[in-house]
Amino acid sequence: MKKNNYNVIGLMSGTSLDGIDLAHVNFTFSEGWNYRIFAAETIPYSAAWQKTLSEAVFYDDLRLKELNEDYTAYLAEVIAEFLSRNNISEVDAICSHGHTIKHEPQNGFTLQIGNLPKLATTLKKTVVCDFRVQDVELGGQGAPLVPIGDEFLFPEFDYCLNLGGFANVSTRENDTRLAYDICAVNTVLNWLANKMDLAFDDDGKIAATGMTDSDLLEKLEKLPFYDLQPPKSLGIEWVNAHIFPLFEGKKDIASALNTYTIHAGREIGKSLAGGKVLVTGGGTFNSFLISQIQKNTSAEIILPPAETVNYKEALIFAFLGVLKLREEINVLSSVTGASRDHSSGVIYS
């Protein structure tokens, strides 16, 4: 389906479990790609869905199969309501990431639920989804996938930094696009805030009041992942195994938040050598985190309008879907470590 104008819906659900991001986007091509977001919103997860999705990594195959069916039905409902609210009747495709439950590229496996054919049959729309599996089959990390959008939609920035459940960065080096996960961010910060019966640490205000635990900070900074060279990616399994155990017995949550935010700021800052940095994702609204990043880099940190901050990933998964419809490359081997560049995703009509 090669043409110069596409009207699509992009969806993203991240590991921070904030909710489902939806964006209605128009893409046009004329000597380069341009986009316009017509409507965008986040549908927060209920407490029940948050609990289920956070625990699903421990489910057996039968429970995962049932969850996949239930989550696909829920996604279809969320999308249908979004289309209705915004009076959207005709789209070229629904482009959906789904929700990552397990990500084990080292074992040749990744699972994003919500990518079943019934999403298309229920909505009676073309659906492009399941973007990660093919890359893992080709020996890649299956992540990050956003850099293709950075390459074509945000070329004026030296770095594109996303602060979501995990921090990941995309940049060009010797005319090659490189990207990788840096560290966990909101998966840890929100987990700690939950211990205070809060969904998150608003603006990092609690972290800013805490004391730095130097022993904990030293243990965090010695984690072997930080010594690995890209391509590299992180999943919740890594956090469960290597991060959460370090907080056992820590009762001063403000100091735990302070220490982890300082740690994340250091790791992220070290990854930014200079130039202009576009920052997006929920962590952008955490002033204490942003201050720690700026403290550790000479780069110019640029915070764009809230629409770009909140919906860049939904925008880019919409773009991945468009590239798949055109059978054009939408995953870069230089980023994921796959054996070749490729056009990833599954199309259901």
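All residue numbers refer to position in the chain's written sequence, counted from 1. With pLDDT at 70 or above as the cut-off, local features in this predicted model cover only qualifying residues; side-chain atom pairs require 80 or more to be listed or tallied, and sums for whole chains, interfaces and linings still use all residues. Excluding hydrogens and water, the side-chain values take into account all heavy atoms of the structure.

Can you lay out the packing of helix α10 (residues 253-270) against helix α11 (residues 287-295) for me, pointing to particular residues and giving the numbers?
Where helices are involved, their axes are fitted lines through C-alpha atoms of the stretch in contact, as for all axes, and angles between N-to-C directions lie from 0 to 180°. In this description a helix means any DSSP run of H or I spanning at least four residues, a strand means any run of E spanning at least two, and both kinds are numbered starting from the N terminus. Contact pair α10 / α11: the axes reach a minimum separation of 7 Å and the direction vectors enclose 40°. On the basis of the axis angle, α10 is oblique to α11. Crossing of α10 against α11: the hand is right-handed. Of α11, the residues touching α10 (which contributes N258, T261, I262, A264, G265, I268 and G269) are F288, L289, Q292 and I293. For the contact of α10 with α11, a count of residues per class yields 6 nonpolar, 5 polar and no charged. If an angle is under 35 degrees, it is roughly parallel; if it is over 145, roughly antiparallel; if it lies from 65 to 115, roughly perpendicular; otherwise it is oblique. If you view the pair so one helix is near and one far, a crossing is left-handed when the near helix is turned anticlockwise from the far one by less than a right angle, and right-handed when it is turned clockwise. Note on contacts: a residue pair is in contact if any heavy atoms of the two residues lie within 4.5 Å. Here the nonpolar group is Ala, Val, Leu, Ile, Met, Phe, Trp, Tyr, Cys and Pro; Asp, Glu, Lys and Arg are the charged ones; every other residue, Gly included, is treated as polar.

Got a sec to walk through the sheet that holds strand β9 (residues 176-184)? Specific residues and values, please.
One key point about sheets: their strands pair by backbone hydrogen bonds, in either a parallel or an antiparallel sense. Taken in spatial order, the 5 strands make up an open sheet running β9-β8-β7-β10-β11, and their pairing is mixed. A single partner strand is all that each edge strand has here, and the edge strands are β9 and β11 (300-302). Within this sheet the neighbouring strands show an average axis-to-axis angle of 20°, counted without direction. With 4 bridges joining them, strand β7 (residues 159-163) and strand β10 (residues 276-280) adopt parallel strand pairing. Looking at β10, one finds that C160 is bridged to L278. In the packing of helix α12 (residues 306-325) onto the sheet, contacts are made with β7 and β10, and the angle to β10 comes to roughly 80°. When DSSP finds two or more bridges between two strands, those strands count as paired.

Provide a residue-level description of the nonpolar core, including the pertinent values.
In summary, soluble globular proteins display a tendency toward joint burial of nonpolar side chains. The definition of a nonpolar core used throughout is a set of buried Ala, Val, Leu, Ile, Met, Phe, Trp, Tyr and Cys residues joined through side-chain atoms within 4.5 Å. Burial classes: relative accessible area under 20% of the type maximum marks a residue as buried, over 50% as exposed, and values in between as partly exposed (1.4 Å probe, protein chains only). Counting 45 residues, the largest nonpolar core has L161, I243, I268 and L272 as its most contacted members. Ranked by residues supplied to this core, first place goes to α10 with 8 residues. Ignoring sequence-local partners within four residues, the contact set of L272 consists of Y159, L161, V169, V277, I293, T297, A299 and I301.

Mind laying out the packing of aromatic side chains, listing which residues take part and the relevant values?
Aromatic rings from Phe, Tyr and Trp, taking only the six-membered ring of Trp, are treated as a pair when their centres fall within 6.5 Å; an angle between ring planes under 30 degrees marks them as stacked, one over 60 as edge-to-face, and anything in between as tilted. Summed over all chains, the structure comprises 17 aromatic pairs. With a centroid separation of 6.4 Å and 55° between ring planes, the pair formed by Y71 and Y74 is classed as tilted. Placement of the pair is Y71 and Y74 together in helix α2 (residues 61-85), with a separation of 3 residues, close to one helical turn. Like Y71, the residue Y74 is buried in the burial classification. With a centroid separation of 6.0 Å and an interplanar angle of 70°, the aromatic rings of W191 and F247 are classed as edge-to-face. In this pair, W191 sits in helix α6 (residues 186-194) while F247 sits in the loop between α9 (236-243) and α10, placing the two residues 56 residues apart along the sequence. What makes W191 partly exposed here is its relative accessible area of 23%. The exposure class of F247 is buried, given its relative accessible area of 5%. Taken together, the ring pairs connect Y6, F27, F29, W33, F152 and F319 into an aromatic cluster. Throughout this description, the term charge over a ring refers to an Arg CZ or Lys NZ atom that lies within 6 Å of the ring centre and within 35 degrees of the ring normal. Over the ring of Y6 we find K3, and its NZ or CZ is 5.4 Å from the ring centre. Against the face of W191 rests K195, its NZ or CZ located 4.2 Å from the ring centre.

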